[in-house]
Amino acid sequence: MIAENELSQLTGFFRHRENDVLPLFRVVQPDGKAEESMLAHLTVEQIQKIYRQMVRVRQFDRKSIALQRQGKMGTYAPFEGQEAAQVGSALALRRSDWVFPTYRDGAASMTHGMPLKTMFRYWMGQLDGFDVPDDLNILHPCVPIATHLLHAVGVAWAAKLRGEDTVSICYFGDGATSEGDFHEALNFAGVFHLPVVFFCQNNGFAISVPFQRQSASRTIAERASAYAMDGIRVDGNDGLAVYLAVQSAVQKARDGGGPTLIEAVTQRFGAHTTADDPTRYRDQASMDEAWRDERDGIVRLRRLMLQKGVWSDSEEQRLLESTSEELLAAFDEAAAVPMSQPAEMFHHVYGQELWHLKEQRQGLQAGGEA
Amino acid sequence: MIAENELSQLTGFFRHRENDVLPLFRVVQPDGKAEESMLAHLTVEQIQKIYRQMVRVRQFDRKSIALQRQGKMGTYAPFEGQEAAQVGSALALRRSDWVFPTYRDGAASMTHGMPLKTMFRYWMGQLDGFDVPDDLNILHPCVPIATHLLHAVGVAWAAKLRGEDTVSICYFGDGATSEGDFHEALNFAGVFHLPVVFFCQNNGFAISVPFQRQSASRTIAERASAYAMDGIRVDGNDGLAVYLAVQSAVQKARDGGGPTLIEAVTQRFGAHTTADDPTRYRDQASMDEAWRDERDGIVRLRRLMLQKGVWSDSEEQRLLESTSEELLAAFDEAAAVPMSQPAEMFHHVYGQELWHLKEQRQGLQAGGEA
Amino acid sequence: MAEELNMVQAIAAALDAKLADDARIMILGEDVGVNGGVFRATDGLQKKYGQNRVVDTPLAESGIIGSSVGLALNGFRPVAEIQFLAFMFPGLEQVFAHVARMRSRTRGRFQLPMVIRTPYGAGIRGPELHSESLESLFVHTPGLRVVVPSNPYDAKGMLIAAMELDDPVMFLEPTRLYRAGKRSVPGGLYRVPLDEAEVLHEGDDVSIFAWGAMVPVAERAALALHEERGWTADVVDLRSLMPLDRETILRSVEKTGRAVIVHEAHKTGGLGGEVAALIAEEAIDCLRAPIMRVTGYDVPVPSFAVEDAYLPDEDRVKVGVTEAVTYE
Amino acid sequence: MAEELNMVQAIAAALDAKLADDARIMILGEDVGVNGGVFRATDGLQKKYGQNRVVDTPLAESGIIGSSVGLALNGFRPVAEIQFLAFMFPGLEQVFAHVARMRSRTRGRFQLPMVIRTPYGAGIRGPELHSESLESLFVHTPGLRVVVPSNPYDAKGMLIAAMELDDPVMFLEPTRLYRAGKRSVPGGLYRVPLDEAEVLHEGDDVSIFAWGAMVPVAERAALALHEERGWTADVVDLRSLMPLDRETILRSVEKTGRAVIVHEAHKTGGLGGEVAALIAEEAIDCLRAPIMRVTGYDVPVPSFAVEDAYLPDEDRVKVGVTEAVTYE
Ligand SMILES: Cc1ncc(C[n+]2csc(CCOP(=O)(O)OP(=O)(O)O)c2C)c(N)n1
Ligand SMILES: Cc1ncc(C[n+]2csc(CCOP(=O)(O)OP(=O)(O)O)c2C)c(N)n1
Ligand SMILES: [Mg+2]
Ligand SMILES: [Mg+2]
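Nothing here was measured: the structure is a model prediction, and the numbers come from that model.

For chain C, the helix and strand inventory stands at 12 helices and 14 strands. In terms of overall size, chain C behaves like a compact globule, its C-alpha atoms giving a radius of gyration of 20 Å where 328 residues would be expected to give roughly 20 Å. Projected onto its principal axes, the C-alpha coordinates of chain C cover approximately 60 × 40 × 40 Å. Sequence-distant contacts, at least 24 apart, represent 83% of the contacts inside chain C between residues at least 6 apart.

See the structure below:
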């Protein structure tokens, strides 16, 4: 019989594993040094805007953890470490574009315009935390992993059918790439050539499971080729690189160039959620200040701006203060809203209230039985 | 802002669509000319065995269509045109290997040892058509598309865990590659490095839907790389090429080399099933004798054998006669078995009969109500 | 202009009428385009309305339903065909987690005006997993409407109403009735309400509740028992499974004092339990006999050689009704 | 040696005991290995038994269940953990089309000795889709066994029995009870039957049927009504949902003449309907009152600010029981 290696040598039809990993697109180094040719594509205002928003959302994240610890919010999924990926990507969108986040993508949601008050109400488990502003095309966090990729696909399809240049972007994690819906969504997007950006934050873990156990492929971006789709692997801790990469994918989509899969390589600094204990599955202690600084998108961008002389300590101070005031006010506002009423659970189940729901609601309101 | 093409030129990180399609592995040309270096890996007996089995299963297929037309069988899914792919692959297995076929893979099933009588009983809608010989590791046709890939994965996993060198092979069509389970199965097989062969017969259609609308990728084999898996694209009408390709994938699996995705490029000559009218979606008339001859794995192999002087018209004649006798006898045997009894539907629902099933069975047998 | 149509033609007519009427209607599914659907329910529609409105999708049910969710979010009114009910299994995640919940989880900001059509039920000599009846799964899912027509007239009128509703509708089509007979069906647009049962026959001795392919079975059994024993029955076609038409159900039982529920789904956990419980909760005093269920057995729908024995037939319904009516 | 354990510890103890006892037992799921499960039900087991027996899988429920099918076909006895019940949705295809049917479609040649464990139910302030109760979906699927323990002792004994059964078992664990209290649990292997309800309290005025997290609620309501009104109740923990323990159910109703079913799943299409229908079919003459169902409402389980109002509580059970007992 014929040996495998002989067969492949003779005919060259085996596709061997690739040993070279897709290159990582990066603009700013950890020490703040930047690729000047790339910087030329950005204004100082753009860079400052990205930075300011990253700082703002990090404050939100830290405050949320604190509020959870104080019992004022439910289980919370922190995103610290992933601000560059989320802010950089969301700022590359137009307000009319559609955003499909997960529970970890609060930074992207807020950047796209989700009000802080609603964010707080959501994590407080209040029903009005699910309100979406009428003029914003954003969904609340999708909980079942990878299932919302298809919604982004459908939305993009509708836009394309109507000849609009709206784009939809879907956020998901490395773990999500193992679900069947990931595949079906990318396949549909490829077949119908849709204006959708699949934005994967590869933070190295799905709860406790490291990416190497999630997939035998070395990168996520390379999976794009299975759908004849473009793939980008970008340094997810580099807000400018993410911004440029997403901007170009979004523009391509608007121009009828079809979908893109973007892998933003990043990490979460903290726990999966406030209910998670990361020390069970990784050496959280070794992720000290120095380790973080090396990876932190905020530190990196501040270094760049300071080096370029477009940022100062006093501006930093003012930003921190104004953000902290904004957050305080937003939380006060959220806390002042009355608790959701039980009867609200009966709203919006259907467009009109069906008889059994009406009776159940009335029973509830009368303190009666189902 | 930065333009997409500029970005990709500057950094080279976009993976553009590949224009070159994976090469097709082929041993025998339609005119019967063959790659001698490859032929060297096969004995005359092996070649004759492949040929004989292809002829045998084609007779089964044609007889089944005839029986269906006569009302003696239910809806039948013909495989004419795909014999080379199914027979070539199944003959590359050991009897102890596990086979997971679909409704269209009767040729593979019979080649692996499924009795003709059981095959007939299955298509007659009889319950004993689902019997599996005790010493055969084969499942009956999987109807829900792509769902059995995961079973092949689990079986291979079990073999690997026990340190056995058993392999499992899963048959599926081009349409199946769009299902989420395809992705999950290949991903699991990649992560756990399992001894499984994913054998896809790309016959160009999923019922009426052509492959180009199934996937934006030009080939199926190239999708293997998304799972860091080897992929082979083989001429599915060339029984010898299929045999060699599967043999080498199977050997690799036995040796601990992990999974392989094989795309056998072929076609079905007839309808999707006897309930299907292919003229609605393709120019069936143009698929005349000449068209078929060009693609037919049986014609091709006969040409080779005749050219090599290892086959004769009288041998052909004898083969046709003996096969037709065998089929007649098998069908007679199948037709002689009494109709399944209604009460049999209650067997094997659970290991022991639960009270409600017992009552329902007794009610049925008494002509009573549920 | 009314025409004589069978059920599958009536469904095609409904789709045609709404495609013409509303540019937001879109049909998608496996083989619905060039092929016109494996049952021909979308026959000729792609030719008439183009590839963008009648779309052959890849073979992926989660993809079909999930992308329909997106289409509906963004202004379309998709009508997804799932080739057979059991092939909705790979798409159930989308149905349970998203289709049913989008309106309530977005507090009304987004609604999903979509229909999922699928042939269902046994009796067509199909292979494995071509014969399931799983209506109770959907009825148990808040946010979904669930309806089943039993004749061509209702099929067209209910499908049009479903396409015009702003809530997702599971539109279950009894495969066995697709070509079971023709009926006069009006041209153009008309609606049959989605929440009303229909009393097909009136009687005094027993109420028989059925839907889909069991309706003609129930009717035949009632007729036979009338001829044989002189009993008269209310035969009620539930049509709407979510919501149930409670008033019609209770009114009938209050009159007859006896209830027999006929469905082809498995007995345990089937919708017959819900109807029985409704009666046992709200009309117990009227009951003069046990509530009988005549249903498919609690076994996987068997291969077609014995499929007829799985299905409730006239005889089994007669046994159930007789038990109820003669109960002392 | 008995130990005081809470339910999640009892489950871990059952898994530990069987991993030690039977080399074919294998645990697989998301985060079950290094992390020991998000609820710690597999805590320490990977360390003890190795990566091949306690396996962290990729994040894919169809993959977990489907590959478990293959493992079971080929000699293993997999115990798959699905992180929360609603995350079984993407794997329902495998459950409905294969897990439940393998034995019958292969005519007994292959059986699937596998357990699918999953936490379920509301009351833990979880985010969306962490609180569902969908037992009736599985009960309606022939070929599956479905059980729900309500205390640590049963949890361990039933899980061991489930792992030893040659049929697939849906093992639903009421999340709310995971740490609700400890109970003395024997060491080593013992079995609690998988098809027997348990009568927790005996009484004469009414039968209350419950399972899982509703059992303590039903008990508290019964106790309160005893104190307040002097009524006594049978409180029955069904434990096995497929099969139902009909004898115990009917015996109780025959004694009390009144039935109240308590479950946290949505009312319509919930298993309460099945229990009610069983009684209405087989014990109608004993009934002295309507069969009451006290259940979760027919709405998506709401966000946790109002989740307690969704769930049947002592007060709602009392209202239901009072209606049954005072019915004239
Ligand atoms: C379908 C489904 N299965 C399981 C879960 C439970 N779960 C929540 S988050 C998570 C890990 C997700 O990992 P990844 O996709 O990498 O995103 P990350 O949390 O790292 O942002 C899991 C398993 C879920 N939410 N949905
Ligand atoms: C999950 C599922 N969806 C839909 C179907 C209906 N169906 C049966 S065969 C088929 C086409 C399959 O095409 P392919 O995978 O290319 O295999 P082929 O029939 O060409 O051999 C479809 C859609 C099914 N059996 N299962
Ligand atoms: Mg992750
Ligand atoms: Mg095909």
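By a frequent convention, interface size equals the accessible area lost on bringing the separate parts together. Domain annotation of chain A identifies domain 1 (20-339) and domain 2 (342-370). Each of domain 1 of chain A and domain 2 of chain A has a C-alpha centre, and the two are 38 Å apart.

Our next topic: the coordination of the magnesium ion (ligand 3). All names here are of chain A. Coordination of the magnesium ion (ligand 3) by the protein involves D174 (OD), N203 (OD1) and F205 (O), with metal-donor separations of 2.0 to 2.1 Å. One chain supplies every donor to the magnesium ion (ligand 3), and in sequence these donors are spaced D-x28-N-x1-F. On the criterion of sequence distance, the pair formed by D174 in the loop between β2 (168-173) and α8 (180-192) and F205 in strand β4 (residues 205-206) is long-range, its members being 31 residues apart. Each of the two residues, D174 as well as F205, counts as buried.

What follows concerns the coordination of the magnesium ion (ligand 4). The magnesium ion (ligand 4) binds to the protein through D174(B) (OD), N203(B) (OD1) and F205(B) (O), with metal-donor distances spanning 2.0 to 2.1 Å. Sequence spacing of the donor residues for the magnesium ion (ligand 4), all on one chain, is D-x28-N-x1-F.

Here we take up the site of ligand 2. Y103(B), R104(B), D174(B), G175(B) and E61(C) are the nearest of the 20 residues found near ligand 2. The environment of ligand 2 is shared, with nearby residues belonging to chains B and C. One of the backbone nitrogen or oxygen atoms of I145(B) is found 3.1 Å away from a nitrogen atom of ligand 2. Between an oxygen atom of ligand 2 and a side-chain N or O atom of N203(B), the distance comes to 2.9 Å. In the complex, the protein chains occlude 96% of the 580 Å² of accessible area that ligand 2 would expose alone. Residue composition of the shell around ligand 2, by class: 10 nonpolar, five polar and five charged.

Looking now at the packing of aromatic side chains. The tally for this structure, following the rule as stated, stands at 44 aromatic pairs over all chains. On the basis of an interplanar angle of 65° and a centroid distance of 5.1 Å, the ring pair of F346(B) and Y297(C) is categorised as edge-to-face. In this pair, F346(B) sits in the loop between α13 (313-336) and α14 (355-365) while Y297(C) sits in the loop between β14 (292-296) and α11 (307-310), so the two residues belong to two different chains. For the pair formed by F346(B) and Y297(C), the shared burial category is buried. A residue is classified by how much of its surface remains accessible, and Y297(C), at 0% relative accessible area, is buried. Taken together, the ring pairs connect F60(A), Y76(A), F120(A), Y122(A), W123(A), F130(A) and F331(A) into an aromatic cluster. The ring of F205(A) has R282(A) sitting right over it, with the charged end atom 5.3 Å from the ring centre.

Moving on, we come to the site of ligand 1. What surrounds ligand 1 is a group of 20 residues, the closest being Y103(A), R104(A), D174(A), G175(A) and E61(D). Each of chains A and D places residues near ligand 1. Within the contact set of ligand 1, an oxygen atom lies 2.7 Å away from a side-chain nitrogen or oxygen of R104(A). Contact between ligand 1 and V143(A): a nitrogen atom at 2.9 Å from a main-chain N or O atom of the residue. Burial of ligand 1 by the surrounding chains reaches 96%, relative to a free accessible area of 580 Å². Broken down by class, the residue content of the shell around ligand 1 amounts to 10 nonpolar, five polar and five charged.

How each quantity is defined
Residues numbered from 1 in each chain as written. Chains lettered and ligands numbered in written order. Predicted model: local features only at pLDDT ≥ 70, side-chain atom pairs only at ≥ 80, totals over all residues. Heavy atoms only, no water. Helix = DSSP H or I, 4+ residues; strand = E, 2+ residues; numbered from the N terminus. Rg over C-alpha atoms; globule rule 2.2 N^0.38 Å. Contact = heavy atoms within 4.5 Å. Domains from an automatic or database assignment. Donors = N, O, S within 2.8 Å, 3.2 Å for Na, K, Ca; no water. Buried < 20%, exposed > 50% of the residue type's maximum accessible area, 1.4 Å probe, protein only. Near = heavy atom within 4 Å. Polar contact = N/O pair within 3.5 Å; in protein donor to acceptor, adjacent residues only side chain to side chain. Areas by Shrake-Rupley, 256 points an atom, 1.4 Å probe, with all protein chains shown as cover. Nonpolar A, V, L, I, M, F, W, Y, C, P; charged D, E, K, R; others polar. Phe/Tyr/Trp six-rings, centres within 6.5 Å; stacked < 30°, edge-to-face > 60°. Lys NZ or Arg CZ within 6 Å of the ring centre and 35° of its normal.

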